[in-house]
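Commentary on secondary and tertiary structure
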Amino acid sequence: MADIRNTFVGIKSPNPFWLASAPPTDKAYNVERAFKAGWGGVVWKTLGEEGPPVVNVNGPRYGAIWGADRRLLGFNNIELITDRDLYLNLREIKQVKMNWPDRAVVVSLMVPCEEESWKAILPLVEETGADGIELNLGCPHGMSERGMGSAVGQVPEYIEMLSRWCKQYTRMPVIIKLTPNITDIRHAARAAKRGGADAVSLINTINSITSVNLDTFSPEPTIDGKGSHGGYCGPAVKPIALHMVADIARDPETQGLPISGIGGITTWRDAAEFLALGAGNVQVCTAAMTYGFKVVQEMIEGLKDWMDRKGHATLDDVVGRATPNVTDWRYLNLNYVAKAHIDQDACIKCGRCHIACEDTSHQAITSMVDGVRHFEVMEEECVGCNLCVNVCPVENCITMQPLAAGTLDKRTGEPVSPVYANWTQHPNNPMAKVAAE
Amino acid sequence: MAEGQFKQGVAGGRLAPQQYAENFSDLHPPLDPHEALVEADRCYFCYDAPCMHACPTSIDIPMFIRQIATGNALGSAKTIFDQNILGGMCARVCPTETLCEEACVREAAEGKPVQIGRLQRYATDVAMEQNKQFYDRAEPTGRKIAVVGAGPAGLACAHRLARYGHEVTVLEAKPKSGGLNEYGIAAYKTTDDFAQAEVDYVTAIGGIAIENDKALGRDFSLSELTAKYDAVFLGLGLGGINALRAEGEDAEGVENAVEFIAELRQASDLSSLPIGRRVVVIGGGMTAIDAAVQSKLLGAEEVTICYRRGQEDMNASDFEQDLAAANGVNIRHWLQPKRVVADGGKVTGIELEYTIMKGGKLVGTGETLSLAADQVFKAIGQLFEPAALNGSGASIAMEGGRIIVDTEGRTSMAKVWAGGDCIRGGEDLTVTSVAQGRDAAESIHRTLTSNGRA
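Residues numbered from 1 in each chain as written. Chains lettered and ligands numbered in written order. Predicted model: local features only at pLDDT ≥ 70, side-chain atom pairs only at ≥ 80, totals over all residues. Heavy atoms only, no water.

Stated precisely, the cut-off is as follows: UniProt positions are given in the numbering used here, feature names are shortened, and annotations may be inferred rather than shown by experiment.
Within an unreviewed UniProt entry, the label attached to chain B reads dihydrouracil dehydrogenase (NAD(+)), and the organism entered is Borborobacter arsenicus. Heading Subunit (unreviewed entry) of the UniProt record for chain B holds this comment: "Heterotetramer of 2 PreA and 2 PreT subunits."

By the naming in an unreviewed UniProt entry, chain A goes by dihydrouracil dehydrogenase (NAD(+)) and is assigned to Borborobacter arsenicus. The annotation that UniProt attaches to chain A under Sequence similarities (unreviewed entry) is "Belongs to the dihydropyrimidine dehydrogenase family." Taken from UniProt, the Function (unreviewed entry) comment for chain A reads in full: "Involved in pyrimidine base degradation. Catalyzes physiologically the reduction of uracil to 5,6-dihydrouracil (DHU) by using NADH as a specific cosubstrate. It also catalyzes the reverse reaction and the reduction of thymine to 5,6-dihydrothymine (DHT)."

See below:
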């Protein structure tokens, strides 16, 4: 049986599934329930500095978008950091950690961008026995208007500065939670590393308006007729998060910097993908908020079952395995040729592949053959774009099949070359010509 | 004396009073908004959707379902009515399992088609409950058209003609309009007087005057119509009943299934409607099922359908056969009626002969079976009664006992179109009649406007 025990920046947990800093980790009651359900760790919902706590709106905090059958695809929130007293949180953190010594308890922090503020709070957290801290430099709403959260995370110099202060004033591991509301995530990760941070976690939520109420013309979620942007998360953001994780994992400047992967993780499969792209563990929020804490059991068993099927003994056998396969477009093999193939036995004849290809792509799929409704790929037209695969409602009905070297590509009339050749070498690339001269 | 269900002979009041309402409630209760959304989400919005091709009226099904899914039920209803103004009734009575839902790709994918019929009902109910009218009449053309028969074909024809600005007079032999929607079809398929509500909805467009109790051949002749109107549409339906051709079929208790169904549909108090303790229905189509199931629902103890061919030959759909079985109707195959057994002129049973296919022909085996029966319903098909047409001008070309029309619904007689069950090649379905009535209206409109006068 695969061993999925996890060690992340020295913090041990029985599995790589942590609950992200968010409403599910706001108080002992929830965290106790999460640990009972099997979660490997939590990042306690962000604590602010001592004094009167922040206040939240008293109307809707969440918005969402849905797919078929109202399956929640994307979710957003305008909730702020914890609105409970700092010392109440600290007492609960200490108690929970005592109750659950084998679980990871990391504390998320957000205080003003001043050295004294950080210097003041760090010993208080350290005293709880918590395993580490995560700096919330990503929250994009509310707190950012007060110069915290993503307002800090959008400035690499601040990231570096805060990382340095925290490493200076605590022995605890320091994780920097990054905002995706930037143009290039690598600059933020590099700054964290320069500042001495032990790890980065990403992504935090994305600036968003989930919808507009067409009766009142107000954005959702709506507070008394008005709305402000919220932080977007859930399954819809996973591709964005995967890309950012991979970008940091393969950046030579941040190579080896541990990454805690966050963003739309809903199943074991999502988690495995983050691990494969270089995340050392994962954090989950929306899936728990949608289905409850029990989902972790599917994630744990699913991950183990997959590792067993594939012969991966430990997480080390998985983490980063896909990272080397992420490359730049210019290095993709232009001599690789694949064609769509429709399994006629699996085809239910909905025709979506045809109309997608016919209206919007390459006119490479029939709709009628010999007067009969029949969908088949015309290889002489197929560029292998994968659109038909993506719109087909039946999994594995349409597959992309690579042509072996030497076989004729009916579209070009040329045999498939066995030689790897990319854009940097292509005759149409002006840069390639310059290099050849 | 045995009481209730076990009363001998043909008697009413077999059930407790409240049981009737329960037995004859909606067969498919309407979807609520949540159910409709869940079901609509299942539609794949297929290209050139097979369901559309399977629909005789070619409703744009993927579009109306998408409109439901996006919260636009009224828009959805318009998509339906654009093709089929009787979309509300068709949603209730269409054998969807052999039409759109059989063609649904989800049927191929998982054996569970999108419930197109129930979604269609959902959308049309929303529009009809609000009496939302989608169509304005065109400028009056001054043209007058007579439609004979206020059944599905006639109503569809009249509505389309009215849209084009023509003045339509509908002549209906029966006291109520709606045709088989009103007088045929099992009661549990169209509850709450829906047929009349639909007639009102269709005629609300204006320009349609319905005259009831006006029968062709009795109250007016075809030649009078052709002289008085610019065009005539015949949507006459089938007035006759095939004979059993079994000895003793004039005994008391041998009845036409269609008349039984009509009587039931018009009954104000179902408990007063007499039904046999033991009922035998002869036939294998929808009418046989409607008669048999309703006999059972009226409290008959034993109901048997006898069909002279095999299960696969039955015109009743699998769904209808299952419905009958679920209601306790016994369906027996390969049996043809031979002799009605009577005592004192009243039916006491029926003698049937087993049949077999021999050399491509159905023949009796000589072996017989006797079933006790207080009532025997004939449901072996209806026929067109051409008598009304004759002697009223030039006769109309017929074939196989029904009127011949071309692809546009034109008969052999000038100015006369026809559609619905009375024409050759009809499928005896409400939805087909609607399509024929609608298409004939288009043809009439084209004809009347091509000479430049309108």
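Observations regarding the overall build of chain A
Put simply, the test is: A run of H or I in DSSP counts as a helix once it spans at least four residues, and a run of E counts as a strand once it spans at least two, with each numbered from the N terminus. We take the radius of gyration over the C-alpha atoms and set the globule estimate at 2.2 Å times the residue count to the 0.38 power. Only protein chains enter the accessibility calculation, which uses a 1.4 Å probe; a residue is then buried when its area is under 20% of its type maximum, exposed when over 50%, and partly exposed in between. Any two residues whose heavy atoms approach within 4.5 Å are treated as being in contact. Here Asp and Glu are counted as negative and Lys and Arg as positive; His is not counted, and neither are the chain ends. Here the site of a charge means NZ on Lys, CZ on Arg, CG on Asp, or CD on Glu.
Helix and strand content of chain A: 13 helices and 22 strands. Here the C-alpha atoms of chain A give a radius of gyration of 25 Å, agreeing with the 22 Å that 2.2 N^0.38 yields for 437 residues. Here chain A holds 437 residues, and the buried ones make up 51% of them. Look at the contacts in chain A between residues 6 or more apart in sequence, and 70% of them connect residues 24 or more apart. Positive and negative side-chain charges of chain A, numbering 41 and 51 respectively, have mean locations separated by a distance of 4 Å.

So, the sheet that holds strand β5 (residues 231-234) of chain B
Note: strands within a sheet are paired through backbone hydrogen bonds, in either parallel or antiparallel orientation. Residue and element names in this part refer to chain B. Using the following cut-off: Strand pairing is assigned whenever DSSP detects at least two bridges linking the two strands. Axes here refer to lines fitted to C-alpha atoms; in helices the fit is confined to the stretch in contact. Angles between the N-to-C directions go from 0 to 180 degrees.
Strand order in the open sheet formed by five strands is β4-β3-β2-β5-β19, and the pairing between neighbours is parallel. The open sheet has two edge strands with one neighbour each: β4 (208-211) and β19 (416-418). Across the sheet, the mean angle from the axis of one strand to that of its neighbour is 20 degrees, orientation sign disregarded. Relative to strand β3 (residues 167-171), strand β2 (residues 144-148) is paired through five bridges, and the arrangement is parallel. Along β3, the bridge assignment pairs A146 with T169. Its contacts with the sheet put helix α17 (residues 430-450) on β2, β5 and β19, and the angle it makes with β5 is roughly 170 degrees.

Quick notes on unusual backbone geometry
All names here are of chain A. A cis geometry characterises the amide bond from L202 onward to I203, with omega recorded as 10 degrees. The step from E220 to P221 runs through a cis peptide bond, and the omega angle for that step is -5 degrees. Position of P221 among the secondary structure elements: in the loop between β13 (218-220) and β14 (230-233). Although it is not a glycine, R70 adopts a positive phi angle of roughly 55 degrees. Considering the arrangement of structural elements, one finds R70 in the loop between β5 (62-66) and β6 (72-77). When its relative accessible area of 59% is taken as the criterion, R70 is described as exposed.

As for the sheet that holds strand β14 (residues 361-372) of chain B
Residues and elements named next belong to chain B. Ordered by their spatial adjacency, three strands build an open sheet running β12-β13-β14, and the pairing between neighbours is antiparallel. A strand with exactly one partner marks an edge of an open sheet, and here the two such strands are β12 (335-343) and β14. Put simply, the sheet's adjacent strands are angled 25 degrees from each other on average, direction ignored. By the bridge criterion, nine bridges tie strand β13 (residues 346-358) to β14 in an arrangement that is antiparallel. Along β14, the bridge assignment pairs E353 with T368.

Brief notes about the domain arrangement of chain A
Often the size quoted for an interface is simply the accessible area lost on bringing the parts together. Under the convention used in this document: Marked domain ranges trace back to an automatic or database domain assignment.
Here chain A is partitioned into domain 1 (6-325) and domain 2 (329-425). A straight line from the C-alpha centre of domain 1 of chain A to that of domain 2 of chain A covers 40 Å.

Things to note about the interface of chain B and chain A
Rules: Buried surface area refers to the total accessible area, computed with a probe of radius 1.4 Å, that the two partners give up upon joining, counted for both partners together. For this scheme, ten residues count as nonpolar: Ala, Val, Leu, Ile, Met, Phe, Trp, Tyr, Cys and Pro. Four count as charged, namely Asp, Glu, Lys and Arg, and the remainder, Gly too, count as polar.
Taken together, the contact between chain B and chain A spans twelve residues of the former and 15 residues of the latter. Of the roughly 990 Å² buried where chain B meets chain A, counting both sides, 62% is carbon and sulfur surface. Ranking the residues of chain B by area buried against chain A places D41, Y44 and Y47 of chain B at the top, with a combined share of 61%. Among the elements that take part in the side of chain B that touches chain A, helix α8 (residues 105-110) of chain B stands out by supplying three residues, more than any other. In terms of residue class, the side of chain B that touches chain A is made up of ten nonpolar, no polar and two charged.

A closer look at a nonpolar patch on the surface
All names here are of chain A. The condition is simple: By definition, no residue in a patch forms a salt bridge, and every one has over 30% relative accessible area; like charges are joined within 9 Å, nonpolar side chains (Val, Leu, Ile, Met, Phe, Trp, Tyr) within 5 Å. Areas reported as accessible are Shrake-Rupley estimates using a 1.4 Å probe. Residue values count occlusion only from the protein chains shown. Here, a salt bridge means any Lys or Arg side-chain nitrogen found within 4 Å of an Asp or Glu carboxyl oxygen.
Judged by side-chain polarity, I209, V212, L214 and F217 come together as a nonpolar surface patch covering roughly 470 Å² of accessible area. Among the secondary structure elements, V212 is positioned in strand β12 (residues 211-213). By relative accessible area, V212 is classed as partly exposed at 47%.

Quick look at the packing of helix α15 (residues 286-297) of chain B against helix α16 (residues 318-326) of chain B
Residue and element names in this part refer to chain B. The cut-off we apply is this: Put simply, angles under 35 degrees are roughly parallel, angles over 145 are roughly antiparallel, angles from 65 to 115 are roughly perpendicular, and the rest are oblique. By convention, the crossing between two helices is left-handed when the near helix turns anticlockwise from the far helix through less than a right angle, and right-handed when the turn is clockwise.
α16 packs onto α15 with a crossing angle of 20 degrees between their chain directions and a minimal axis gap of 10 Å. Here α15 lies roughly parallel to α16, going by the angle between them. Here α15 and α16 pass one another in a crossing that is left-handed. Contacts from M286, I289, D290 and V293 of α15 reach α16 at E320, Q321 and A324.

Describing the packing of aromatic side chains
Residues and elements named next belong to chain B. Quick reminder of the rule: Two rings from Phe, Tyr or Trp (for Trp, the six-membered ring) form a pair when their centres are within 6.5 Å of each other. A pair whose planes differ by under 30 degrees is stacked, one over 60 is edge-to-face, and the rest are tilted. A ring is considered to have a charge above it if a Lys NZ or an Arg CZ atom is located within 6 Å of its centre and within 35 degrees of its normal.
Enumeration according to the criterion identifies eight aromatic pairs over all chains in this entry. Taken together, a centroid distance of 4.3 Å and an interplanar angle of 20 degrees make the contact between F260 and F377 stacked. In this pair, F260 sits in helix α14 (residues 257-266) while F377 sits in strand β15 (residues 375-378), placing the two residues 117 residues apart along the sequence. F377 shares its class with F260; the two are buried. Taken together through their ring pairs, the aromatic side chains of F81, F134, Y135 and Y201 make up a single cluster. Its end group placed over the ring of F45, R66 keeps NZ or CZ at 4.9 Å from the ring centre. Stacked on the ring of F194, the Lys or Arg R92 has its end atom at 3.6 Å from the ring centre.

Considering the pattern of salt bridges
All names here are of chain A. Applying the stated rule across the entire model yields 44 salt bridges over all chains. A salt bridge links R5 to D3, with the nearest nitrogen and oxygen atoms 2.9 Å apart. Here D328 makes a salt bridge to R330, at a shortest N to O gap of 3.4 Å. Residue classification places R330 among the partly exposed positions, given a relative accessible area of 37%. Linked by salt bridges that have partners in common, D247, R250, D328 and R330 make up one network.

Considering the domain arrangement of chain B
Residues and elements named next belong to chain B. Applied cut-off: Here a polar contact means two N or O atoms within 3.5 Å. Within protein one must be a hydrogen donor candidate and the other an acceptor candidate, and residues neighboring in sequence count only if both atoms are side-chain atoms.
Structurally, chain B comprises domain 1 (33-129), domain 2 (144-239 + 384-450) and domain 3 (241-381). The interface is formed by 14 residues belonging to domain 2 together with 13 residues belonging to domain 3. When the buried area of domain 2 at its contact with domain 3 is split by residue, Y183, Y188 and K189 rank highest and sum to 49% of it. Scanning the region where domain 2 abuts domain 3 turns up two salt bridges. When the shortest N-O distance is used, the salt bridge between E320 and K189 registers 3.1 Å. Counting across the interface, domain 2 meets domain 3 through eleven residue pairs in polar contact (both at pLDDT 80 or more). When residues of the side of domain 2 that touches domain 3 are assigned to their parent elements, the largest contribution, four residues, is made by helix α11 (residues 180-183). Considered class by class, the residues forming the side of domain 2 that touches domain 3 number seven nonpolar, four polar and three charged.

Side note on the pairing of strand β4 (residues 41-47) of chain A
All names here are of chain A. Cut-off, in case you're wondering: Place the viewer so that the strands point away; then a crossover is right-handed whenever the path from the first strand over the helix to the second strand goes clockwise.
Counted residue by residue, β4 has seven buried out of seven residues, so it is predominantly covered. Bridge count for strand β3 (residues 17-19) against β4 is two bridges, and the pairing is parallel. By the bridge assignment for β4, L19 is matched with V42. For the handedness criterion, the β-α-β arrangement of β3, helix α1 (residues 28-37) and β4 is classed as right-handed. Relative to strand β7 (residues 104-109), β4 runs parallel, the two sharing five bridges. Bridge pairing in β7 places V42 opposite V105.

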